[in-house]
Amino acid sequence: MQKFKFKLDGLLKVREFKEKKIKIELGEILREITAVEDKIADANKAISETYDAQENFMKDPSSGQMLQFFPLFIQGKKEDIKNKENLLWSLRKKYDKKIAELALARGEVKVMENFKEKKHGEWTKEKNKKEQEAIEEILMMRSNGAKDLT
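These remarks concern the structure in this document.

The rules behind these values
Residues numbered from 1 in each chain as written. Predicted model: local features only at pLDDT ≥ 70, side-chain atom pairs only at ≥ 80, totals over all residues. Heavy atoms only, no water. Core = buried A, V, L, I, M, F, W, Y, C linked by side-chain atoms within 4.5 Å. Buried < 20%, exposed > 50% of the residue type's maximum accessible area, 1.4 Å probe, protein only. Helix = DSSP H or I, 4+ residues; strand = E, 2+ residues; numbered from the N terminus. Contact = heavy atoms within 4.5 Å. Phe/Tyr/Trp six-rings, centres within 6.5 Å; stacked < 30°, edge-to-face > 60°. Lys, Arg positive; Asp, Glu negative; His and termini not counted. Salt bridge = Lys/Arg side-chain N within 4 Å of Asp/Glu carboxyl O.

## Considering the nonpolar core
Point 1. Core analysis: the biggest nonpolar cluster contains ten residues, these being I29, I33, V36, I40, A43, I47, I74, I81, L88 and L91.
Point 2. Those elements giving two or more residues to this core turn out to be α1 (9-59) and α2 (64-149).
Point 3. The element that contributes the greatest number of residues to this core is α1, accounting for six residues.
Point 4. Excluding residues that lie within four positions of it along the chain, I40 makes contacts with I81, K84, E85 and L88.
Point 5. Formed by six residues, the second largest nonpolar core is a distinct cluster that contains F4, L12, V109 and M112.

## Digging into the packing of aromatic side chains
Point 1. A complete count under the given rule lists two aromatic pairs for this structure.
Point 2. With a centroid separation of 5.7 Å and an interplanar angle of 55 degrees, the aromatic rings of F4 and W123 are classed as tilted. Of this pair, F4 sits in the segment before α1 while W123 is found in helix α2, placing the two residues 119 residues apart along the sequence.
Point 3. In this structure F4 comes out as buried when scored by relative accessible area, which is 18%.

## Observations concerning the side chain of K84
Point 1. Mapped onto the elements of the fold, K84 is located in helix α2.
Point 2. Here K84 is buried and forms no salt bridge, its nearest opposite-charge partner D80 lying at an N-O distance of 4.1 Å.
Point 3. Those residues in contact with K84 that lie beyond four places of it in its chain are V36, K39 and I40.

## Notes on the side chain of E19
Point 1. Checked against the element boundaries, E19 lands in helix α1.
Point 2. Note on E19: relative accessible area 12%, which makes it buried.
Point 3. Residues contacting E19, with those up to four places away along its chain left out, are L102, A105, R106 and V109.

## Let's talk about the pattern of salt bridges
Point 1. In the structure shown here, the tally under the stated rule is eight salt bridges.
Point 2. Its salt-bridge partner being K98, residue E25 comes within 2.3 Å of it at the nearest N-O pair. Here the residue E25 occupies a position in helix α1, and K98 occupies one in helix α2, the gap between them amounting to 73 residues.
Point 3. Of the charged contacts in the structure, one is a salt bridge between E28 and R31, with a shortest N-O distance of 2.7 Å. With a gap of three residues between them, E28 and R31 both fall in helix α1, about one helical turn apart.
Point 4. The class for E28 is partly exposed, based on a relative accessible area of 37%.
Point 5. Connected through shared salt-bridge partners, E19, K23 and R106 make up one network.

Shown next, in the form of structure tokens:
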């Protein structure tokens with residue numbers, strides 16, 4: 001008897017590929033989220049360092065033009081943080097959508113795998129049945145051959 005062949009194997013492979021692709025995209029999104037969070041942390045660190053530098057700078061006599069730099073720098077960093085937080089929010093929304101896609105893709109793959117297992121089980125039963133019939137036929141031929149000799 002020929003070996004088991006699942007007719008929908010191509011479709012199963014396509015669905016598995018889609019699941020892997022979504023996992024890769026999910027990893028990219030997570031990498032982007034981490035990068036944005038790191039940039040936000042760096043900006044917050046830069047703001048606190050700027051406050052420290054401003055306090056140190058004010059201890060010595062200095063011109064007013066130099067002191068104008070600090071608030072403008074801090075304002076720019078705060079706007080940058082706000083932009084990064086908006087980007088982070090959109091990345092998290094994108095992440096949530098990909099998680100839903102991944103759940104759907106996993107479900108589709110699982111359905112196909114279960115169907116394949118079911119068909120393999122049916123094929124195995126049929127194969128065992130045919131083998132048993134062949135064995136019984138051989139035994140019947142032997143017993144009929146033994147009767148003919150006597």
